[in-house]
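A structural walkthrough
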Amino acid sequence: MPQITVERSPKLDHVDWAAFATALHPVVVETAAARLEACKTRVLRTGDEAVGAEAEGHAIVQVTLALLAGRTDETKARLTEAVLELLLKFVEPVDGLKLHLSAEVRDLDPSYRKAEI
């Protein structure tokens, strides 16, 4: 915990996603009282995508942060705002592309377990 997933458009291959992830982890620690060594981020390159009736001219980034339950709605909102601010530092506008950046914080299910080997 936290389990972080970044789903991103293939049109954003130029972004340094590893640097984004390592910059994101301290933000999660500071905002949501997580432990730095517990932050894990996967960056997934999506395939086909469309926005509205258009399959071209758009790039999408969705960051989902799954945390153990107990954070207030205000903390979750502060974290999503901080994630969007950080995304704007890493994802530069690209000519001809409209960027759709979003973030969500959700609670992990009570059944969540992990193992470190």
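Throughout what follows, the structure given in this document is the object of discussion. (Residues numbered from 1 in each chain as written. Predicted model: local features only at pLDDT ≥ 70, side-chain atom pairs only at ≥ 80, totals over all residues. Heavy atoms only, no water.)

1. Considerations on helix α1 (residues 17–32)
So the rule is basically this: In DSSP terms, a helix is any run of H or I states spanning at least four residues, a strand is any run of E spanning at least two, and both are numbered starting from the N terminus. Here the expected span of a helix is defined as 1.5 Å times the quantity of residues minus one. Each residue gets one of three labels from its accessible area relative to the maximum for its type: buried under 20%, exposed over 50%, partly exposed in between, using a 1.4 Å probe on protein chains only. Each direction from the helix axis to a C-beta atom contributes to the arc, which is the arc of those directions. We call two residues in contact whenever any of their non-hydrogen atoms come within 4.5 Å of each other.
Given a rise of 1.5 Å per residue, 16 residues ought to cover 22 Å, and the 21 Å separating the end C-alpha atoms of α1 matches this to within 8%. Among the residues making up α1, those that are buried are Trp 17, Phe 20, Ala 21, Leu 24, His 25, Val 28, Thr 31 and Ala 32. Seen end-on, α1 carries its buried residues on one side only, within an arc spanning 150°. Projecting away from the buried face of α1 at angles above 90 degrees are the exposed residues Thr 22 and Glu 30. On the buried face of α1, the contacting elements are β1 (3–8), β2 (40–45), β3 (58–67) and α2 (73–90). One or two steps after α1, the chain reaches Ala 33, where phi turns positive at roughly 55°.

2. Section: the sheet that holds β1
Backbone hydrogen bonds hold the strands of a sheet together, and the pairing may be parallel or antiparallel. Rules: Two strands qualify as a pair provided DSSP detects at least 2 bridges between them. Between N-to-C directions, angles cover 0 to 180 degrees, with each direction set by a line fitted to C-alpha atoms, over the stretch in contact for helices.
Strand order across the open sheet formed by four strands is β2-β1-β3-β4, with mixed pairing between neighbours. In the strand order of this sheet, the two ends are held by β2 and β4 (98–107), each with one partner. Within the sheet, the average angular offset between the axes of one strand and its neighbour, ignoring direction, is 15°. Note that β3 and β4 share ten bridges and pair parallel. Following the sheet pairing, Thr 64 is matched in β4 by Glu 104. Packing of α2 onto the sheet brings it into contact with β3 and β4, and relative to β4 it is tilted by some 150°.

3. Looking at the packing of aromatic side chains
The condition that has to hold: Note on ring pairs: Phe, Tyr and Trp rings are taken, using the six-membered ring of Trp, and paired if centres are within 6.5 Å. Classes follow the plane angle, with under 30 degrees stacked, over 60 edge-to-face and the rest tilted.
Scanning the model with the defined rule gives two aromatic pairs in all. On the numbers, 5.8 Å between centres and 80° between planes, the contact of Trp 17 with Phe 20 is edge-to-face. Taken together, the residues span about one helical turn, with Trp 17 and Phe 20 both in helix α1 at a distance of three residues. Since its relative accessible area comes to 7%, Trp 17 is described here as buried. Since its relative accessible area comes to 0%, Phe 20 is described here as buried. Between Phe 20 and Phe 90, the aromatic rings sit 5.7 Å apart at their centres with planes inclined by 80°, giving edge-to-face as the arrangement. Placement of Phe 20 in helix α1 and of Phe 90 in helix α2 is noted, with a sequence separation of 70 residues between them. The rings of Trp 17, Phe 20 and Phe 90 are connected pair by pair, giving a single aromatic cluster.

4. As for unusual backbone geometry
Cis geometry is found at the peptide bond from Met 1 to Pro 2, where omega equals -10°. With respect to the helices, strands and loops of the structure, Pro 2 is situated in the segment before β1. In this model, Ala 33 sits at a positive phi of 55°, which is unusual for a non-glycine residue. For Ala 33, the location among the structural elements is in the loop between α1 and β2.

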